[in-house]
Amino acid sequence: MDKEKYLQDITEIKNLMNKSSRFISLSGLSGILAGIYALLGAWYAHWLVNFEGKGYLTLHGALFKKCLLILIGVGVLSIGTAILLTTQKAKKNNESIWDATTRRLLFNFLVPLVAGGIYIVIMLSQGRYGQSGSLMLLFYGISLFSASKYTLGYVKYLGLTEILLGLISACIPGYGFWFWVLGFGIMHIVYGALMYIKYDKNS
């Protein structure tokens, strides 16, 4: 009995330490929905390019601005959904949504993401947009990997997957759109589903 109680105490201490050092309220369902938003946005942008642009997209044209708005819309919907579902999960589990761990997670996530976003904007302003898809995957993957030590383990593997896809995309010019779909759409759904099954389904 004493041995069992000792092991139970150790497990509880380990869980408390894990909760204090990691943001574990991240919602797997938000990852699934982010992937769905990305697929729908990519489909609509692809349809616009083929219908209005006859298969061509120029940097300073109205069609490019429409595609950029779709991209921004996907990002806003994904972030908004993540905040909403994660907040609901944290409240359900009586966990804090804004503490030192959350601040560290956001800092490590946003620094490479913002730096990458600024770099991509500079590249676009110079008319060099051939690698924009692969750069988005790379910097997003680096951001996820950087923040992963403060949250669920699956985030690290999603980050590594995005980095790998970004590198492969850079080696195969002309297929950046499809790698973007794979990285931001399908991989989000896959990893979101894994997180949902492991952390959310029975909670």
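Reference entry: report on the structure contained in this document. Computed from a predicted structure; not experimentally measured.

1. Some remarks on the side chain of Ser27
Here Ser27 is to be found in the loop between helix H1 (2-21) and helix H2 (28-51). By relative accessible area, Ser27 is classed as buried at 8%. Polar contacts involving the side chain of Ser27 include one to the main-chain amide nitrogen of Leu29, which spans 3.3 Å. Sequence-distant contacts of Ser27, defined by excluding residues within four places in its chain, comprise Leu85, Thr86, Lys89 and Asp200.

2. A short note on a nonpolar patch on the surface
Judged by side-chain polarity, Ile97, Trp98, Leu106, Leu110, Val114, Ile118 and Ile122 come together as a nonpolar surface patch covering roughly 610 Å² of accessible area. Looking at where Ile97 falls in the secondary structure, it is placed in the loop between helix H3 (62-92) and helix H4 (100-125). Residue classification places Ile97 among the partly exposed residues on the basis of a relative accessible area of 34%.

3. Examining H4
Here H4 contains 26 residues, and its C-alpha end-to-end distance of 37 Å stays within 8% of the 38 Å for a straight helix at 1.5 Å per residue. Bending of H4 peaks at approximately 25 degrees at the position of Leu110, with proline Pro112 no more than four residues after it. For H4, the complete set of buried residues consists of Thr101, Thr102, Leu105, Asn108, Phe109, Pro112, Gly116, Ile120, Met123 and Leu124.

4. Comments concerning the packing of H2 against H3
Helices that pack against each other are described as a pair by the angle of their axes relative to one another and the distance between those axes. Here H2 crosses H3 at 170 degrees, and the two axes come no closer than 9 Å. With respect to H3, the axis of H2 lies roughly antiparallel. Facing H2, whose interface residues are Leu29, Ser30, Leu33, Ala34, Tyr37, Ala38, Gly41, Tyr44, Ala45, Leu48 and Val49, H3 presents Leu63, Lys66, Cys67, Ile70, Val74, Leu77, Ser78, Thr81, Ala82 and Leu85. Here the residues of the contact of H2 with H3 sort into 16 nonpolar, 4 polar and 1 charged.

5. A short note on the side chain of His188
When you line up the elements, His188 lands in helix H7 (residues 176-200). The exposure class of His188 is buried, given its relative accessible area of 10%. Only 2.8 Å separates the side chain of His188 from the backbone oxygen of Phe184, close enough to count as a polar contact. In contact with His188, not counting residues within four places along its chain, are Gly31, Ile32, Ala34, Gly35, Tyr140, Leu158 and Gly183.

Definitions and cut-offs
- Residues numbered from 1 in each chain as written.
- Predicted model: local features only at pLDDT ≥ 70, side-chain atom pairs only at ≥ 80, totals over all residues.
- Heavy atoms only, no water.
- Helix = DSSP H or I, 4+ residues; strand = E, 2+ residues; numbered from the N terminus.
- Buried < 20%, exposed > 50% of the residue type's maximum accessible area, 1.4 Å probe, protein only.
- Polar contact = N/O pair within 3.5 Å; in protein donor to acceptor, adjacent residues only side chain to side chain.
- Contact = heavy atoms within 4.5 Å.
- Patch = residues over 30% accessible without salt bridge, like charges linked within 9 Å, V, L, I, M, F, W, Y side chains within 5 Å.
- Areas by Shrake-Rupley, 256 points an atom, 1.4 Å probe, with all protein chains shown as cover.
- Salt bridge = Lys/Arg side-chain N within 4 Å of Asp/Glu carboxyl O.
- Expected span 1.5 Å × (residues − 1).
- Bend = angle between axes of the 7 residues up to and from the residue.
- Axes fitted to C-alpha atoms, helices over the stretch in contact; angles between N-to-C directions.
- Parallel < 35°, antiparallel > 145°, perpendicular 65-115°, else oblique.
- Nonpolar A, V, L, I, M, F, W, Y, C, P; charged D, E, K, R; others polar.

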